[in-house]
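Spelled out from the first residue to the last, the chains are:
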Amino acid sequence: MRHDRLNMTTTELQLEGLPGPTHNYAGLSFGNVASSTHGGSISNPRAAALQALGKMNFLYEMGIEVAVMPPHPRPMIDVLHRLGYQGFVHETLILAQSESPELLNAIWSASPMWAANAATVTPSTDSSDRRVHFTPANLFSTLHRSFEPRVTTGYLRQIFSDNQYFTVHDPLPVTTRLADEGAANHMRFADSTGANAHHVFVYGASPESALHPMRFPARQQLAASQSVARLHGLGDSQVTFVQQNPDAIDAGVFHHDVIGMSHANLMIIHQQACINQVAFVQQMQDRGITVRVISTDELSIEQAVKSYFFNAQLVSVPTGGIAILFPQECAEDRSVNALCERLKNELGIISQIHFLDLRESMKNGGGPACLRLRVPLNAAELAAMHQGVRFDLKLYQQLKRLVESSYRESISPADLRDAAFADEALATHTKILDVLSLS
Ligand code: SUG
């Protein structure tokens, strides 16, 4: 049985986040330049969800396995109650807005759309017990995201409920030393058989390191990454831990996937991404990984943060090679566009590049890669997961209709104290779960 499972080919399911009906710009993420820049501006949740669904359909039409990660129920009025705001919803919202505006914004945030932060995943080919392991991220570093782990854990336990194949751990304990932001700081290298896979965990800080950012917070702690590797049954020879360059964090690189991308046995990484980068790159090359270092002359960190070049989504396409889905913003900057083309011509393995419009998510610092969690699964595991979230044309049409009929086209900060909008958004959330056969 164990042997058979090992020999089954693994496909990488793209578990794609669907923006919720309260998607808005509240400037909640200190250290995330796009979030700070757009705080207070008018959002369009309908466009956000349609853009994300458009990406799912684009991938699906390429022959990629896609599934939908639903939004969380928002706003979380219960959080306001737990913090002492009593009364009818309307009064509670008004009071919270005048006394704790950041808290009010936090309970409305649609941030669970960025599924790359939902969890870290280890496929059954790599874990010691041959199960697929998930550790939901505790997202301890920001208030609005710290509300996500409980619901994310619940969704993952429904979607991957068969414990013959899947283990969904509890999120790590909530403490600074164990701050965990999930797969956004994790890279897995493997060939198509999954044999000899290697995992790289990128962390922002640890008590043992004298180097840490001065301006913005380091969101991922070494002890968190080490705990996830241990929980998932990864041995010492299967893992590398590498520290982010604190200067890059201070320039707006709040997750590693803002400065590096990877897929299969390919890593594309900025010259200034990590501490001891030359040794790290050498180590990866010694493992047979193809590494393309993007120099600062080719792309400055500021350009990387602005264009989200590194937040591209890399997928293996059934017709051969790797497709790279860049955000539209990369096509709009002449030098970044030229770099995308150059990469394609230079690296034979890249068979296609595309530019996608994900502007609504991008204005909050979430590009193509942020919106998806990679879940490598074999055929038996794919069949064992909850089928209601698997993307196909029927589900696409159903969700599209629902978004078109129930999502608003604009949300301003004033809408976040509207009790009628709260009821409307929660009702829409229930309808989405019904479509996905989740509770
Ligand atoms: O955690 N933005 C998210 C973006 C997450 C991007 N994910 C990856 N890089 N994988 C964050 O900073 C902004 C919300 C606001 O400002 O309203 C926000 O939460």
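Just so it is clear, the model here is predicted, and its values are computed rather than measured.

Calculation rules
Residues numbered from 1 in each chain as written. Predicted model: local features only at pLDDT ≥ 70, side-chain atom pairs only at ≥ 80, totals over all residues. Heavy atoms only, no water. Helix = DSSP H or I, 4+ residues; strand = E, 2+ residues; numbered from the N terminus. Buried < 20%, exposed > 50% of the residue type's maximum accessible area, 1.4 Å probe, protein only. Contact = heavy atoms within 4.5 Å. Areas by Shrake-Rupley, 256 points an atom, 1.4 Å probe, with all protein chains shown as cover. Lys, Arg positive; Asp, Glu negative; His and termini not counted. Charge placed at Lys NZ, Arg CZ, Asp CG, Glu CD. Phe/Tyr/Trp six-rings, centres within 6.5 Å; stacked < 30°, edge-to-face > 60°. Salt bridge = Lys/Arg side-chain N within 4 Å of Asp/Glu carboxyl O. Axes fitted to C-alpha atoms, helices over the stretch in contact; angles between N-to-C directions. Parallel < 35°, antiparallel > 145°, perpendicular 65-115°, else oblique. Pairing = 2+ DSSP bridges. Core = buried A, V, L, I, M, F, W, Y, C linked by side-chain atoms within 4.5 Å. pLDDT = per-residue confidence, 0-100. Disulfide = S-S within 2.5 Å. Near = heavy atom within 4 Å. Polar contact = N/O pair within 3.5 Å; in protein donor to acceptor, adjacent residues only side chain to side chain. Nonpolar A, V, L, I, M, F, W, Y, C, P; charged D, E, K, R; others polar.

Along its length, the protein carries 18 helices and 15 strands. Taking the principal axes of the C-alpha coordinates as reference, the protein spans close to 60 × 50 × 40 Å. The 439 residues of the protein split such that 59% are buried. For the protein, the share of sequence-separated contacts (at least 6 apart) that also reach a separation of at least 24 residues comes to 76%. As displayed, the protein offers around 16800 Å² of accessible surface, 51% of which is attributable to carbon and sulfur atoms. Taking the 33 positively charged and 42 negatively charged side chains of the protein as two groups, their mean positions are separated by 2 Å.

In the structure shown here, the tally under the stated rule is eleven aromatic pairs. Both rings, one in Phe391 and one in Tyr396, keep their centres 5.6 Å apart while their planes meet at 45°; by these two values the pair is tilted. Each member of the pair Phe391 and Tyr396 is classed as buried. Here a set of aromatic residues connected by ring pairs shows up, and it is made of Phe134, Phe160, Tyr165 and Phe166.

Take the pattern of salt bridges next. Tallying each qualifying case throughout the model produces 16 salt bridges. A salt bridge links Lys400 to Glu404; the nearest nitrogen and oxygen atoms lie 3.7 Å apart. Taken as a pair, Lys400 and Glu404 lie in helix H17 (residues 393–406) at a separation of four residues, close to a single helical turn. Residue class for Lys400 comes out partly exposed when judged on its relative accessible area of 26%. What emerges from the salt-bridge pattern is a single network uniting Arg292, Glu298, Arg342 and Glu346.

When two helices pack together, their arrangement is given by the angle between their axes and by how far apart the axes lie. Running from N to C, helix H5 (residues 89–99) and helix H6 (residues 101–108) point in directions that differ by 130°, and their axes come no closer than 5 Å. With respect to each other, H5 and H6 are oriented oblique. From H5, Leu93, Ala96, Gln97, Ser98 and Glu99 reach across to H6, where they touch Pro101, Leu104, Ile107 and Trp108.

For the rest of this paragraph, the subject is unusual backbone geometry. For the bond running from Arg74 to Pro75, omega is 5°, close enough to zero to count as cis. As for its placement among the helices and strands, Pro75 is situated in the loop between strand S2 (66–69) and helix H4 (77–82). Despite not being glycine, Asn196 shows a phi value in the positive range, around 55°. As for its placement among the helices and strands, Asn196 is situated in the loop between strand S6 (186–189) and strand S7 (198–203). We note that Asn276 has phi near 55°; this positive angle belongs to a residue other than glycine. As for its placement among the helices and strands, Asn276 is situated in the loop between strand S10 (266–270) and helix H11 (277–286).

Attention now goes to the packing of H17 against helix H18 (residues 419–435). Between H17 and H18, the shortest axis-to-axis distance is 11 Å and the interhelical angle comes to 170°. With respect to H18, the element H17 is oriented roughly antiparallel. Contacts between H17 and H18 pair Leu395, Gln398, Leu399, Leu402 and Ser406 from the former with Glu424, Thr428, Lys431, Ile432 and Val435 from the latter.

What the three strands build is an open sheet, ordered S12-S13-S14; its pairing is mixed. Looking at the sheet topology across the chains shown, the edges are occupied by strand S12 (313–316) and strand S14 (350–356). Taking the axes of each pair of neighbouring strands and ignoring which way they run, one obtains an average angle of 20° across the sheet. The sheet contact formed by S12 and strand S13 (residues 322–327) spans four bridges and is antiparallel. Residue Leu314 lies in a different strand from S13, and its bridge partner there is Ile324. With respect to the sheet, helix H14 (residues 334–346) is in contact with S13 and S14, its orientation differing from that of S14 by roughly 160°.

Before going further, it helps to spend a moment on the sheet that holds strand S4 (residues 132–136). Read from one edge to the other, the open sheet built from three strands follows the order S3-S4-S5, with strand pairing classed as mixed. The sheet is open, and its two edges are formed by strand S3 (119–122) and strand S5 (166–168), each paired on a single side. If you compare each strand with its neighbour and ignore which way they point, the axes differ by 15° on average. Two strands pair when backbone bridges link them, and S4 and S5 are joined in this way by three bridges, in the parallel orientation. If you follow Val132 over to S5, its bridge partner there is Phe166.

Turning next to the nonpolar core. If you look at the biggest cluster of nonpolar residues, it comprises 80 residues, and the most contacted ones within it are Phe160 and Met385. If sequence neighbours within four positions are ignored, Phe160 has contacts with Leu13, Leu15, Phe134, Phe166, Val168, Val375, Leu377 and Met385. Judged by nonpolar contacts, the second largest core, of 21 residues, contains Ile268, Ile294, Leu314 and Ile324.

In this section: the confidence of the model for the protein. Averaged over every residue, the pLDDT of the protein is 96; the share at 70 or more is 98%. For residues 1–7, every residue scores under 50 in pLDDT, and the model assigns this stretch ten contacts once sequence neighbours within four places are set aside.

What follows is about the state of the cysteines. Taken as a whole, this structure holds zero disulfides when the rule is applied. Lacking any disulfide linkage, Cys274 is separated from the closest cysteine sulfur, that of Cys370, by 17 Å. Look at Cys274 and you get buried, because its relative accessible area is 7%.

Not every one of the 20 residues close to the ligand is listed here, only the nearest: Leu28, Ser29, Ser35, His144 and Asp257. Interatomic distance of 2.7 Å between a side-chain N/O atom of Asp257 and a nitrogen atom of the ligand. The protein chains hide 99% of the 490 Å² of surface that the ligand would expose on its own. Partitioned by chemical class, the residues of the shell around the ligand number seven nonpolar, ten polar and three charged.

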